[in-house]
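Residues per chain are reported as follows:
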Amino acid sequence: MAMEGPEEQRGFETEAVHGEEGIDPYRALTPPIYMTSTYTFPSMETVDRVLGGEEEGYVYSRASNPTVRQFERTMALLEGGEESVAFSSGMGAIAALLLSWLKKGTPLLFSRHLYSGTRHFIESMLIPLGATVRFVDFREQGSSYTRLEEELREGAAGLFLETPSNPTLDIVDLAAVASLCRTYGVPLAVDNTFASPALQKPLEHGADIVIHSATKYLGGHGDLLGGVAVGARETIQALRATEASLLGATLSPMNAWLILRGIKTLALRMVAHSVRASALARLLSEKAPVVRVHYPGLPEHPGHEIACRQMKGMGGMLAVQFASGKAARTFMDGLRIIRIGVSLGDPGSLVEHPSSMSHRGWSTEVRRAMGIEDGLVRMSVGLESPDDLCGDVEAALTRL
Ligand SMILES: Cc1ncc(COP(=O)(O)O)c(C=O)c1O
């Protein structure tokens, strides 16, 4: 049961607060948490009706659960997709989608600028399982996308990309790429973790599937792991019936409930993250020891204009390039409020050094190809007072 009132008048904030209400027969304001592994049936006749699809019902929580279902329906609503399926982590969602593509037997296309875990999955799982994988460097594409078009013309099971990308904040023109993908019949999947649907809705720009690590901004409090895929009903039902259910990376009802709670404040949080990240990006870009700041909100960012077209705000993530790994690490050691740690999207600001942390396992050459130099530092700007964050960064810079 959706919220009453004319749908076209509802803004994102309203959808995020009310989501898909209605799993509780008592109309509880906050949804119940169905902590159950299985469901019972009053009769064999009901078994036949539920398993035959004539009656709605639940069978086993690895396949479906009412609290998880409420999260899935809310995500479909917020991303503007027909359906959604939840996972126990972002990697669960990514693994399920990519394994479903692998079955098609055609090459898989990836942006070169991807989260380290996704790249690891490609190298350690997809390629040993026999996948043909091609990487597209969107930095080299310019606005013409000729190389991408050549790859698409050859045929592919799908193209997977991130925008903004982790950790280099590269921006891809979603409408342009989606239109090319459509021309050649290649599904486009976008990992929307950095922006969240509060700032960017890839399906509206023509993408076919949206992926999230719900661990990050959707949950928003650094206290859980979760993932989700959103898209057309047929695609998502196929994922649910096979990869989601059979790989078993199922979201727990408790975590679905926590993410639903986080989503209520998503819109507000994303505005606050964006304001603080924007202030820090400007501050850092004016300071001498900093070589470069990667933040799509800065006019000098190569993807600034595209980001302004396709994003409602520039988000809480930025990356800072120092002259060396030593300078990057000295800066990080000088921070007091912003803490050292991987992950992102939490109320508390976090900073990480990809060469020593998230991308430590890759060779320098592979890191360079991903755009990661030793001097790069990634910041997840949290919700602390902007003055305190700026003061912390300024004090750390004086150590260089
Ligand atoms: C862009 C992006 N996608 C996917 C993931 C994987 O998500 P999870 O850690 O929830 O498995 C991450 C994790 O950092 C990420 O940053």
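A. Representation of the nonpolar core in the model. Counting 70 residues, the largest nonpolar core has F71, L318, M379 and V393 as its most contacted members. For this core, the leading source of residues is helix 11 (residues 266-285), giving eight residues. When neighbours within four sequence positions are excluded, F71 is seen to be in contact with A86, A214, G227, V228, L251, A256, I259, L260 and I263. A96, L114, A131 and A189 belong to the second largest nonpolar core, which has 29 residues in total.

B. Molecular detail of the domain arrangement of the protein chain. You can read the domains of the protein chain as domain 1 (10-263) and domain 2 (268-397). Relative placement of domain 1 and domain 2: their C-alpha centres are 26 Å apart. Counting from both sides, the interface comprises 37 residues of domain 1 and, opposite them, 38 residues of domain 2. Run the count over domain 1 and domain 2 and you get one salt bridge. Between R309 and D173 there is a salt bridge, and its shortest N-O distance comes to 3.0 Å. Counting every contact that joins domain 1 to domain 2 gives 11 residue pairs in polar contact (both at pLDDT 80 or more).

C. Focus on helix 15 (residues 386-397). Here helix 15 spans 17 Å end to end across 12 residues, near enough to the 16 Å set by a 1.5 Å rise per residue. Within helix 15, the full set of buried residues consists of L389, C390, D392, V393, A396 and L397. The buried residues of helix 15 all sit within an arc of 160 degrees when viewed along its axis, so they share a single face. Buried residues along helix 15 sit in contact with helix 11, strand 8 (290-294), strand 9 (317-322), helix 13 (325-333) and strand 12 (376-380).

D. Up close: the packing of helix 7 (residues 146-154) against helix 8 (residues 174-183). Helix 8 packs onto helix 7 with a crossing angle of 25 degrees between their chain directions and a minimal axis gap of 9 Å. Relative to helix 8, the element helix 7 is oriented roughly parallel. Crossing angle aside, the handedness with which helix 7 passes helix 8 is right-handed. The segment helix 7 lies against helix 8, with L148, E149 and L152 engaging V177, L180 and C181. Of the residues in the contact of helix 7 with helix 8, the class split is five nonpolar, no polar and one charged.

E. Summary view of the site of the ligand. Around the ligand, the surrounding shell holds 14 residues, and the nearest of these are M91, D191, S213, T215 and K216. Here an oxygen atom of the ligand sits 2.8 Å away from a polar atom, N or O, in the main chain of G90. With respect to the ligand, the side chain of D191 contributes an N or O atom lying 2.6 Å from a nitrogen atom. Counting residues per element, the shell around the ligand draws most heavily on helix 4 (residues 90-102), which supplies three residues. Here the residues of the shell around the ligand sort into four nonpolar, seven polar and three charged.

F. Layout of the pattern of salt bridges. Enumeration according to the criterion identifies 19 salt bridges in this entry. The residue R49 makes a salt bridge to E55 at a minimum N-O spacing of 2.7 Å. Residues R378 and E352 are paired through a salt bridge, measuring 3.9 Å at the closest nitrogen-oxygen approach. Of this pair, R378 sits in strand 12 while E352 sits in strand 11 (residues 350-352), and the two are 26 residues apart along the sequence. With respect to class, R378 is no different from E352; both count as buried.

G. Focus on the pairing of strand 1 (residues 83-87). Taken across its five residues, strand 1 has five buried, putting it largely inside the fold. Going residue by residue along strand 1, you find E83, V85 and F87 tucked away on one face and S84 and A86 tucked away on the opposite face as well. Summarising the sheet, strand 1 and strand 7 (residues 227-231) pair through five bridges and their orientation is antiparallel. Across the sheet, residue A86 finds its bridge partner in strand 7, namely V228.

H. Quick look at the packing of aromatic side chains. Counting across every chain of the model gives five aromatic pairs. Measuring from centroid to centroid gives 6.1 Å for F110 and F135, while their planes differ by 40 degrees, and the two rings are tilted. Placement of the pair is F110 in strand 2 (residues 108-111) and F135 in strand 3 (residues 133-136), with a sequence separation of 25 residues. Neither F110 nor F135 differs from the other in exposure class; each is buried. Ring geometry for F138 and Y145: centres 6.2 Å apart, planes at 65 degrees, overall edge-to-face. The buried category is assigned to F138, whose relative accessible area is 10%. Aromatic rings pair up to connect F110, F135 and F160 into one cluster. Positioned above the aromatic ring of F135, the side-chain terminus of R119 is 4.2 Å from the ring centre.

I. The sheet that holds strand 1, seen in detail. Strand order in this open sheet of seven strands is 1-7-6-5-4-2-3, and the pairing throughout is mixed. What marks the edges here is a single partner per strand, and that holds for strand 1 and strand 3. Across the sheet, the mean angle from the axis of one strand to that of its neighbour is 20 degrees, orientation sign disregarded. The pairing of strand 2 with strand 3 spans four bridges and is classified as parallel.

J. Quick peek at unusual backbone geometry. Looking along the chain, the bond that leaves T163 and enters P164 is cis, with omega of -5 degrees. Relative to the elements of secondary structure, P164 occurs in the loop between strand 4 (158-162) and helix 8. Look at the link from N166 to P167: it is a cis peptide, with omega at 5 degrees. Of note, P167 is situated in the loop between strand 4 and helix 8. Positive phi is not limited to glycine here, since S196 has a value of about 70 degrees. For S343, which is not glycine, the phi dihedral falls at a positive 75 degrees. Topologically, S343 is positioned in the loop between strand 10 (339-340) and strand 11.

How each quantity is defined
Residues numbered from 1 in each chain as written. Predicted model: local features only at pLDDT ≥ 70, side-chain atom pairs only at ≥ 80, totals over all residues. Heavy atoms only, no water. Core = buried A, V, L, I, M, F, W, Y, C linked by side-chain atoms within 4.5 Å. Buried < 20%, exposed > 50% of the residue type's maximum accessible area, 1.4 Å probe, protein only. Helix = DSSP H or I, 4+ residues; strand = E, 2+ residues; numbered from the N terminus. Contact = heavy atoms within 4.5 Å. Domains from an automatic or database assignment. Salt bridge = Lys/Arg side-chain N within 4 Å of Asp/Glu carboxyl O. Polar contact = N/O pair within 3.5 Å; in protein donor to acceptor, adjacent residues only side chain to side chain. Expected span 1.5 Å × (residues − 1). Arc of directions from axis to C-beta. Axes fitted to C-alpha atoms, helices over the stretch in contact; angles between N-to-C directions. Parallel < 35°, antiparallel > 145°, perpendicular 65-115°, else oblique. Left-handed = near helix turned anticlockwise from the far one by under 90°. Nonpolar A, V, L, I, M, F, W, Y, C, P; charged D, E, K, R; others polar. Near = heavy atom within 4 Å. Pairing = 2+ DSSP bridges. Phe/Tyr/Trp six-rings, centres within 6.5 Å; stacked < 30°, edge-to-face > 60°. Lys NZ or Arg CZ within 6 Å of the ring centre and 35° of its normal.

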